[in-house]
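# Commentary on secondary and tertiary structure
Below are the chains, spelled out letter by letter.
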Amino acid sequence: MDLRVLGCSGSIAKDNRTTSFLLNDRVLVDAGTGVGDLSLDELAAIDHVLLSHSHLDHVLGIPLIADSIMRRRLAEPVFRSLRVHALPATLEALRRHLFNNVIWPDFTRLPTPGQAIVELVPVEVGQRLDLAGLHIEVLPAAHTVPACGFAVDTPSGWWVYTGDTGPNPPLWQRLRGRRVAQLVIETAFSDDERALAEMSRHHCPSSLAQELVQFDAETRVAITHIKPGEMAAVTGQIAALGIDRPLFALARGDRFSF
Ligand SMILES: [Zn+2]
Ligand SMILES: [Zn+2]
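About the criteria used
Residues numbered from 1 in each chain as written. Chains lettered and ligands numbered in written order. Predicted model: local features only at pLDDT ≥ 70, side-chain atom pairs only at ≥ 80, totals over all residues. Heavy atoms only, no water. Donors = N, O, S within 2.8 Å, 3.2 Å for Na, K, Ca; no water. Tetrahedral: all angles 85-135°; square planar, octahedral: opposite > 155°, others 65-115°. Buried < 20%, exposed > 50% of the residue type's maximum accessible area, 1.4 Å probe, protein only. Phe/Tyr/Trp six-rings, centres within 6.5 Å; stacked < 30°, edge-to-face > 60°. Lys NZ or Arg CZ within 6 Å of the ring centre and 35° of its normal. Helix = DSSP H or I, 4+ residues; strand = E, 2+ residues; numbered from the N terminus. Contact = heavy atoms within 4.5 Å. Polar contact = N/O pair within 3.5 Å; in protein donor to acceptor, adjacent residues only side chain to side chain.

Moving on, we come to the coordination of the zinc ion (ligand 2). For the zinc ion (ligand 2), the full set of protein donor atoms is Asp 57 (OD), His 58 (NE2), Asp 164 (OD) and His 225 (NE2), and the range of their distances to it is 2.1 to 2.2 Å. For the zinc ion (ligand 2), the four donor atoms in the first shell make angles of 89 to 168 degrees at the metal, so the coordination geometry reads as irregular. Written as a sequence motif, the donor residues of the zinc ion (ligand 2) are D-H-x105-D-x60-H. Between the zinc ion (ligand 2) and the zinc ion (ligand 1), a separation of 3.5 Å is found, and both are coordinated by Asp 164. Comparing Asp 57 with His 58, the two get one shared label, buried.

See the structure below:
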C-alpha cells in the first residue's frame, strides 16, 4: 500500500496542512487542507473518503472536492460518486452543517438527487470494509464528538490511524497481538497545555507515553496533529520522557510503502 501524507498538522499556517492521508491514490483518510495540494486529476481519481469525525480540520475538503470534480465525473461514461464513509453522527453533522445550502450547496443531491456527486455511507466501530482493493477496519476513538480511527491491512501488517483521541483503552485491546506496520497517533498539545488536552480529548506527550506502554513496543510510531509552532516543544517533551521505542513526527509530503 502506498501512503501519502497530504497534511498532518493540527491547524493551518504557511507549510502546515490539516489531516489528510491518501492511500493508493484512491482512498482518502480525512479531508483536511492537505487535499488542496492535489491536482484536479488526482482529486478526480479519489473514489472513497474515510472520515474520523466531524471537526472542521478533518472534513473541510469534502464540499470543495465535490465542487472540483463534479464536471469531470459527469463527462465520464459511467458516473462515479465520491463515497464518504463515517459514523452516522458524523454524516448527520455534514448534512446539517456543511451541505445545508447555506455554508455550501447540498452536493448530496447535486447535480440531481438521483445521481449525486457525494454519497454518504454510514459505518460503525468494528465494521470491516473492502474499498478499492483495501481491507479496512473501523477502530474506536475517544474525542469530544463521536469519532473513530481506521486500520488498513497491508502486506507489512496493519497501518493504524487513531484519529483525534484522548486515552483510549478499547483501541489497545483491539490491537493486542496484531502485527502493526505503523501507528499514526495524535499529540495535539504540549504538556504545558495538559489541562486543555484532557478537556478537548486530545493527547499531550505525557498522556501519549501512558498510552504507548499498552501497545507493542516494536511498532514504529508516527506522531500527527501537532499544532503549528508547537513542533519543537512537543518533540522535545516526547524525547525527554525517554519513550523506549522507534518514534518520529510525521511531515507533510512523507510517503510510505507498506
Ligand atoms: Zn477533533
Ligand atoms: Zn483534528
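That shown, we press on.
Any two aromatic rings considered together are summarised by their centre-to-centre distance and by the angle between their planes. Counted according to the given criterion, the structure contains six aromatic pairs. Members of the aromatic cluster, connected to one another through ring pairs, are Phe 21, Trp 159 and Tyr 161. Here the basic side chain of Arg 178 rests over the ring of Trp 158, its NZ or CZ set 4.9 Å away from the ring centre.

Turning to its location among the elements, Arg 194 is positioned in helix H6 (residues 194-199). Taking the C-alpha atoms as reference, Arg 194 lies 24 Å from Ala 217; in sequence the two are 23 residues apart. Among all residues touching Arg 194, those that are not within four sequence positions of it are Cys 204, Ser 206, Ser 207 and Gln 210. One polar contact links Arg 194 to Ser 206, side chain to side chain, over a distance of 2.6 Å.

Around the zinc ion (ligand 1), the protein contributes the donor atoms His 53 (NE2), His 55 (ND1), His 143 (NE2) and Asp 164 (OD), which lie 2.2 to 2.4 Å from the metal centre. Viewed at the metal, the four donor atoms of the zinc ion (ligand 1) are separated by angles of 90 to 167 degrees, and the geometry they form is irregular. Considered as a linear motif, the donors of the zinc ion (ligand 1) on their single chain read H-x1-H-x87-H-x20-D. The class of Asp 164 is buried, set by a relative accessible area of 2%.

In this structure, Ser 9 sits in the loop between strand E1 (2-7) and strand E2 (20-23). When its relative accessible area of 5% is taken as the criterion, Ser 9 is described as buried. Setting aside residues up to four positions removed in sequence, Ser 9 forms contacts with Asn 16, Arg 17, Thr 18, Thr 19, His 225, Ile 226 and Pro 228. Polar contacts involving the side chain of Ser 9 include one to the main-chain carbonyl oxygen of Ser 11, which spans 2.8 Å.

Everything listed here is a matter of geometry and, on its own, says nothing about what the molecule does.
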